[in-house]
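# What the coordinates show
Read off the chains here:
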Amino acid sequence: MTARDEARESPAAPTLDGRTIIMSGGSRGIGLAIALRAARDGANVAIMAKTGEPHPKLQGTVYTAADQIEAAGGYALPLVGDVRNDDDVRAAVDATVHAFGGIDIVVNNASAIDLSKTPDVDMKRYDLMADINVRGTFMLSKFCLDALRRSGNPHILTLSPPLNLEPRWAGTHLAYTMAKYGMSMTTLGLAEELKEDGIAVNSLWPATLIDTAAIRNLPGGTTMVQAARSPEIVADAAHAVLVRPSRGCTGNFYTDEEVLREEGVTDLARYSLGAPEDQLVPDIFL
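Quick caveat: nothing in here was measured; it's all calculated off a predicted structure. (Residues numbered from 1 in each chain as written. Predicted model: local features only at pLDDT ≥ 70, side-chain atom pairs only at ≥ 80, totals over all residues. Heavy atoms only, no water.)

A word on the overall build of the protein. Secondary structure summary: the protein contains 12 helices and seven strands in total. Compactness check: the protein gives a C-alpha radius of gyration of 18 Å against a globular reference of 19 Å for 286 residues, within 12% of the reference. Taken along its principal axes, the extent of the C-alpha atoms in the protein is 50 × 45 × 40 Å. Across the 286 residues of the protein, 55% fall into the buried class. (Helix = DSSP H or I, 4+ residues; strand = E, 2+ residues; numbered from the N terminus. Rg over C-alpha atoms; globule rule 2.2 N^0.38 Å. Buried < 20%, exposed > 50% of the residue type's maximum accessible area, 1.4 Å probe, protein only.)

Moving on: the layout of surface pockets. As a volume, the largest pocket reaches approximately 1400 Å³. Those elements that place two or more of their residues in the lining of the largest pocket are α2 (29–39), β2 (44–49), α5 (123–143), α8 (174–193) and α9 (213–216). When the residues that make up the lining of the largest pocket are grouped by side-chain class, the tally is 25 nonpolar, 13 polar and nine charged. (1 Å grid on protein atoms, 1.4 Å probe; cavity = no way out; pocket = protein on both sides within 12 Å on 5 of 7 lines; lining within 4 Å. Points joined across faces, edges and corners; volume = space filled by probe spheres on them. Nonpolar A, V, L, I, M, F, W, Y, C, P; charged D, E, K, R; others polar.)

Moving on: the packing of aromatic side chains. Under the criterion given, the structure shown has four aromatic pairs. With centroids separated by 5.9 Å and ring planes inclined at 55°, the aromatic side chains of W205 and F285 adopt a geometry described as tilted. Residue W205 is located in strand β6 (residues 200–205), and its partner F285 is located in the segment after α12 (256–262); the two are separated by 80 residues in the primary sequence. With relative accessibility at 1%, the residue F285 sits in the buried group. One aromatic cluster is present, formed by W169, Y176, Y181, W205 and F285 through successive ring pairs. A cation over an aromatic ring shows up here: R90 above the ring of F143, its NZ or CZ 4.0 Å from the ring centre. (Phe/Tyr/Trp six-rings, centres within 6.5 Å; stacked < 30°, edge-to-face > 60°. Lys NZ or Arg CZ within 6 Å of the ring centre and 35° of its normal.)

A word on the pattern of salt bridges. Where side chains of opposite charge bring their charged atoms close, a pairing between them can arise. This model, assessed by the stated rule, comprises 15 salt bridges. Several salt bridges share partner residues, and in doing so they unite R37, D41, D236 and R270 into one network. (Salt bridge = Lys/Arg side-chain N within 4 Å of Asp/Glu carboxyl O.)

Glancing now at the nonpolar core. Counting residues in hydrophobic clusters, the biggest one holds 43 residues, and the most contacted among them are I22 and I156. Secondary-structure elements contributing two or more residues to this core are β2, β3 (75–80), α4 (86–100), α5, α6 (145–149), α8 and β6. Ignoring anything within four residues of it in the chain, the contact list for I156 reads V106, N108, S141, L145, L148, L190, L194, I199, A200, V201 and N202. Ranked by size, the runner-up nonpolar core spans 42 residues in total, among them V45, L157, I233 and Y271. (Core = buried A, V, L, I, M, F, W, Y, C linked by side-chain atoms within 4.5 Å. Contact = heavy atoms within 4.5 Å.)

Following this line, the structure appears as structure tokens:
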């Protein structure tokens, strides 16, 4: 029996079996974990990312991610493209609809990070964060709207934080805060704009630091992740949101812990990478 057969014989509970996801990024880290969790249900997953060839510092490409998705029980469509490029995003949406017949879920996962203070931020890095985080999230969501309106349970899920307007977050890393809050503003606005269409629009953010390549590549990152959780906690929370009826689940800024507790999961220790629960590093913006 294949992994796909096993996924389809799971107990009768809400699943993503047969549903189609398009995701920005996803060749590694949290995005890949979300894709693999969906694949275990038998979902179709289209991943658009720039990494078509191996990166010298980062593991994974869209093609290795696709192999893992297929091995987990899903159907994969690897798409090399830049979420900043209009033509690439349009082509990715069209290819996904052509391959799978539609789109049910958009996951805005692609994001750039630079925690420098204002005097130290290179303007090219500023533009990169603004273009990927804000413009990319807005554009992928926008280009998928026609397909989402044809879905029976459409969702947009963005990996961005609650809109916490405590001044310390802007004062700590203004450029990054603006970029991430731009993603969250997209959630806020689209949830209101699309509520009559029944398209759920939500954000999801980890309550603690998550072990990802982006964090490990930061100064001191390899030490920081020792007090982090694995990406699977975000993946399980994303799955729980995406199987919910869209008309009763929109405009929320969830944390992974909040979602899992709503699902009756109280023991989160299995997601930790070794540090006791009371010694985990909280994520920013909370």
